[in-house]
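Each chain is listed here by its residues.
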Amino acid sequence: MKKIIVTGCNGQLGRAVNLFFKDNKDISFVNTDVGELDITNIDKVMELAREVQPYAIINCAAHTGVDACETEYDKAFKINAIGPRNLSIAARETGAKLMHISTDYVFDGKGTRPYVETDATNPQGAYGLTKLAGENFVKDFADRYFILRTAWLYGDGKNFAKTMLRLSETNEKVRVVGDQFGSPTSASELTKAINALLFTENYGMFHATCEGSCSWAEFAREVFRLAGKTTKVEAITTEEFGAPAPRPAYSILENRMFKLTTDFMFADWHDAIAEYMKTL
């Protein structure tokens, strides 16, 4: 029986991971969220790891409030950087593998072609800065790790698709950013990618998003089309939207390492969102 510690188990990815593996009799999950384990406390992390002696740790915990990170930098750094550091130290001491989830925000978003794993990072805001620090801590302190950079994630929880559907109930038209481009990625597809790596020795950095790309406005239109909504989408600029924290304008990641080192292929984003909409 392989024991696996999951952090952030109540988030979109944590829930998807539990759902995917629920019938696997060879795995026993030790599910933790902020109430059960403070990943920013090295003593608590070490205590749990020594008790469980896990096969792997899957870190789904993060401070993902992009705007909040700007005003809560220390809190974001503790969760997004020190937390992964602590889990890396625990994984190394107990001989566990570490599966750590990172983000497209480690790039500046000024690219003109999909980012590959070896491209230079240049985060523009607090969220990206703290997540990059987390990646670096994982590289520094973990022996056997997988870092998966994903983007535009949605699943069982609060997400863009659900927000759009809620807005469509009371609005004939919604204004959505049309000059930011990325790859909407379902938590269930990301979980399949985790499964493709976790039981291998294929360690390192991987980009992990659904295939294809779109703008947020195009994503909204597809959500409405699938839901049979007549709500119109007006594309606006990032400047017009006016969020406090900078967003990468070009966030498309190329899953190069998956394609070069595995047989795993992410679904196209259109197919993934269609599958997801059936669950709502």
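We now turn to the structure provided with this report. This structure is a prediction, so every number in the text was calculated from the model and none was measured.

Analysis parameters
- Residues numbered from 1 in each chain as written.
- Predicted model: local features only at pLDDT ≥ 70, side-chain atom pairs only at ≥ 80, totals over all residues.
- Heavy atoms only, no water.
- Helix = DSSP H or I, 4+ residues; strand = E, 2+ residues; numbered from the N terminus.
- Buried < 20%, exposed > 50% of the residue type's maximum accessible area, 1.4 Å probe, protein only.
- Pairing = 2+ DSSP bridges.
- Axes fitted to C-alpha atoms, helices over the stretch in contact; angles between N-to-C directions.
- Contact = heavy atoms within 4.5 Å.
- Polar contact = N/O pair within 3.5 Å; in protein donor to acceptor, adjacent residues only side chain to side chain.

**So, unusual backbone geometry**
Here comes step 1: For Gln53, which is not glycine, the phi torsion reads 50° and is therefore positive.
Here comes step 2: Along the chain, Gln53 turns up in the loop between α2 (42-52) and β3 (56-59).
Here comes step 3: On the basis of relative accessibility, which here comes to 47%, the residue Gln53 falls in the partly exposed class.
Here comes step 4: Residues other than glycine seldom take positive phi values, yet Trp152 does so here, at roughly 50°.
Here comes step 5: Position of Trp152 relative to the elements: it lies in the loop between β5 (145-150) and β6 (153-154).
Here comes step 6: A relative accessible area of 11% means that Trp152 is categorised as buried.

**Observations concerning the sheet that holds strand β10 (residues 204-207)**
Here comes step 1: Strand order in the open sheet made by the 6 strands is β2-β1-β3-β4-β5-β10, with parallel pairing throughout. The two strands at the open ends of the sheet, each matched to only one other strand, are β2 (27-31) and β10. Ignoring which end each strand starts from, the neighbouring axes of this sheet average 20° apart.
Here comes step 2: In the packing of α2 onto the sheet, contacts are made with β1 (2-7) and β2, and the angle to β1 comes to roughly 160°.

**Some remarks on the environment of Asp108**
Here comes step 1: Position of Asp108 relative to the elements: it lies in the loop between β4 (97-103) and α5 (126-141).
Here comes step 2: A C-alpha to C-alpha distance of 15 Å links Asp108 and Asp179, two positions 71 residues apart in sequence.
Here comes step 3: If we ignore the near neighbours within four places in the chain, the residues touching Asp108 are Tyr115, Asn122, Gln124 and Pro248.
Here comes step 4: For Asp108, the side chain forms a polar contact with the main-chain nitrogen of Lys110, separated by 2.9 Å.
Here comes step 5: In this structure the side chain of Asp108 is engaged in a polar contact, spanning 3.3 Å, whose partner is the side chain of Tyr115.

Fair warning: the whole summary comes from geometry, so function is off the table for now.
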